[in-house]
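# Close look at the chain arrangement
Spelled out from the first residue to the last, the chains are:
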Amino acid sequence: MGITKKDLFTSQQNELAALAKAFAHPARIAIIDYLLKSETCINGDLVQELGLAQATISQHLRELRDSGIIKGSIEGSSICYCLDPIRWKEVDSQFSNLFSRLSEPAKGDCC
């Protein structure tokens, strides 16, 4: 069996790409915005807030949960979701590290 394309990259590059994928849909950004404002929510609140179908919301929540950005707890017949503050800081650090590596735009012949 040959190497996979992911094997060509570092674990940090693969993780950052997976995180970028988790952020790569406007519905997921809207969910994160809502969670940042409310600090917690019930899944049904998101359906009313975003105007998307329950199944669609659930798929986006699963992507965010799989990346560790959000976590959920069962409260009766509902699941309460919130941002994972520890993971959020890790994600912030990873993206900040990438973006801060360009200190000044290159001068001269480059673009």
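Our subject is the structure listed above.
All of the points below concern the structure found in this document. Just so it is clear, the model here is predicted, and its values are computed rather than measured.

In spatial order, the strands read β1-β3-β2; together these three strands make up an open sheet with antiparallel pairing. Lying at the two open borders of the sheet, with one neighbouring strand each, are β1 (41–42) and β2 (70–75). Bridge count for β1 against strand β3 (residues 78–83) is two bridges, and the pairing is antiparallel. Bridge pairing in β3 links I42 to C80.

We now examine the packing of helix α3 (residues 43–50) against helix α4 (residues 54–66). Packing of α3 against α4 brings their axes to within 10 Å, and their N-to-C directions diverge by 115 degrees. Here α4 runs roughly perpendicular to α3, going by the angle between their axes. The hand of the α3/α4 crossing is right-handed. For the pair α3 and α4, contact is made by N43, L46, V47 and L50 and by Q54, I57, S58 and L61, respectively. Counted by class, the contact of α3 with α4 contains five nonpolar, three polar and no charged residues.

With that settled, consider the packing of aromatic side chains. Enumeration according to the criterion identifies three aromatic pairs in this entry. For the ring pair F23 and W88, a centre distance of 6.3 Å and an interplane angle of 55 degrees mean the geometry is tilted. Note that F23 is positioned in helix α1 (residues 11–23) and W88 in helix α5 (residues 85–99), a separation of 65 residues in sequence. By relative accessible area, which is 28% here, W88 ends up partly exposed. Judged by centre distance (6.1 Å) and plane angle (25 degrees), the ring pair of F95 and F99 falls under stacked. Placement of both F95 and F99 in helix α5 is noted, with a separation of four residues, approximately one turn of the helix. When its relative accessible area of 59% is taken as the criterion, F99 is described as exposed. A network of ring pairs unites the aromatic residues F23, W88, F95 and F99 as a single cluster.

The rules behind the values
- Residues numbered from 1 in each chain as written.
- Predicted model: local features only at pLDDT ≥ 70, side-chain atom pairs only at ≥ 80, totals over all residues.
- Heavy atoms only, no water.
- Pairing = 2+ DSSP bridges.
- Helix = DSSP H or I, 4+ residues; strand = E, 2+ residues; numbered from the N terminus.
- Axes fitted to C-alpha atoms, helices over the stretch in contact; angles between N-to-C directions.
- Parallel < 35°, antiparallel > 145°, perpendicular 65-115°, else oblique.
- Left-handed = near helix turned anticlockwise from the far one by under 90°.
- Contact = heavy atoms within 4.5 Å.
- Nonpolar A, V, L, I, M, F, W, Y, C, P; charged D, E, K, R; others polar.
- Phe/Tyr/Trp six-rings, centres within 6.5 Å; stacked < 30°, edge-to-face > 60°.
- Buried < 20%, exposed > 50% of the residue type's maximum accessible area, 1.4 Å probe, protein only.

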